[in-house]
Amino acid sequence: MNRKRSVAMALAMVALAAVGVNSFGGRSDPVVQIVAQPALRMAAATPLAPSPAVPQPRAQAAAEPAPEAAAEPAADPVLAEAYDPCAISLEAFAEEGAMIGITLLAPCRADARVVLQHGGLAVAQKTLATGSLFTALPAMEAKGEIEARFDDGTVLKAAAPVPELAGLRRIAVQWQKADRFALNGFERGADYGEAGHKTALNGGVLALGDPSATPAMLAEVYTFPDPEDARVTIEAEVTPDVCGRELMGETILSQAGAAQVQDLTLAMPECDALGGFVVLNNPLADMTLAAAD
């Protein structure tokens, strides 16, 4: 025990002697030294492997321009110019019974007034809400030329030859606005109301035009057999709209595929004759003579 204490005291004296030299030698300030532990000294002596390079984040969109969006293909100017959503067209085609079918397409002209002209006929119609018009006219000339005219002056033309018209005879009467005429055909010696009496009311006479397409342009057309077997009259009713003045219209005679147009004037009686009729008998004779001249 005394030996251990002697050794411990000896070690303490050595330690004090070392401190005394560091503390007073040359009157320098005390220096505290930190002695590395063996494990730390080994680590310090071993060269460190270079740290792997840490990849730096790429610059954001502000530093690098964003890729441009794929540009849409440019519209073909030729196709763009060729396509017109408001384009209008007129087509005519021959139908049975020497009729001319008409197809008018005008997408941007809904409920529009249009005048159809053919062989002296001129009647006003209206397009549907879709801008289309499907109708037919009795051929008056074998060439079958059709003209459609809008109120703004736009005109379309088409044609559908009707060779069978050469063997038919037709008479038409046409008028405008409030004037009103009616055709009567009497076949095989028939009288008013009998089986051979042809009118627009019973379908024996074709009524053309739309009264709502103001100003109205209306017509009636009768296809008759040999004049020896038919009699024709043109009549007008005395109404408050026409009494006491003259009615103006036109008659058209179609024979051998050609049309002849004549003016028609009919003096109406005074309004005390309301409900009566003024009848023009046998206009065919005068029209036939005029066509021969």
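- The protein chain is annotated in an unreviewed UniProt entry as Translocase of Paragemmobacter straminiformis.

## Some words on the sheet that holds strand β11 (residues 206-208)
In step 1: The strand order β11-β12-β8-β14-β15 describes an open sheet built from five strands, whose pairing is antiparallel. Unpaired on one side and paired on the other, β11 and β15 (258-267) mark the two borders of the sheet. Neighbour to neighbour, the strand axes of the sheet diverge by 20 degrees on average, direction disregarded.
In step 2: In the sheet, strand β14 (residues 246-255) pairs with β15 via 10 bridges, with the strands oriented antiparallel. Looking at β15, one finds that E246 is bridged to A267.

## Side note on the packing of aromatic side chains
In step 1: Within the structure shown, the criterion is met by three aromatic pairs.
In step 2: Each ring, one from W175 and one from F181, has its centre 6.2 Å from the other, and the planes form 65 degrees; the classification is edge-to-face. Comparing W175 with F181, the two get one shared label, buried.
In step 3: When the ring of F186 is compared with that of Y192, the centres are 4.9 Å apart and the planes differ by 70 degrees; the resulting orientation is edge-to-face.
In step 4: Against the face of F150 rests R109, its NZ or CZ located 4.5 Å from the ring centre.
In step 5: A cation sits over an aromatic face here: R231 above F186, 4.2 Å from the ring centre.

## Focus on the sheet that holds strand β13 (residues 230-237)
The strands making up a sheet associate through backbone hydrogen bonding, with each pair oriented either parallel or antiparallel.
In step 1: Within the open sheet, the four strands sit side by side as β10-β9-β13-β16. Their pairing is antiparallel. Across the chains shown, the open sheet's two edge strands, defined by having one partner strand only, are β10 (197-198) and β16 (277-281).
In step 2: Alignment of strand β9 (residues 182-187) against β10, held across two bridges, turns out to be antiparallel. Each bridged residue has a counterpart across the sheet, and for G185 the counterpart in β10 is K198.

How each quantity is defined
Within each chain, residues carry numbers counting from 1 in the order of the written sequence. A pLDDT threshold of at least 70 governs which residues receive local features in this predicted model, and a stricter bar of 80 or more applies before side-chain atom pairs are shown or counted, although totals over entire chains, interfaces and linings include all residues. Excluding hydrogens and water, the side-chain figures rest on all heavy atoms present in the structure. By the convention used here, strands pair only if DSSP detects at least 2 bridges between them. Helix and strand definitions follow DSSP, with helices as H or I runs of at least four residues and strands as E runs of at least two, each counted in order from the N terminus. Axis geometry follows a simple rule: fit a line to the C-alpha atoms, using only the stretch in contact for helices, then measure angles between N-to-C directions, giving values from 0 to 180 degrees. In this scheme Phe, Tyr and Trp rings, the latter by its six-membered ring, pair at centre separations within 6.5 Å, and the angle between planes marks the pair as stacked below 30 degrees, edge-to-face above 60, and tilted otherwise. For the exposure calls, accessible area comes from a 1.4 Å probe over protein chains only, and a residue counts as buried if that area is under 20% of its type's maximum, exposed if over 50%, partly exposed in between. Note on geometry: a ring has a charge over it if NZ (lysine) or CZ (arginine) is within 6 Å of the ring centre and within 35 degrees of the ring normal.

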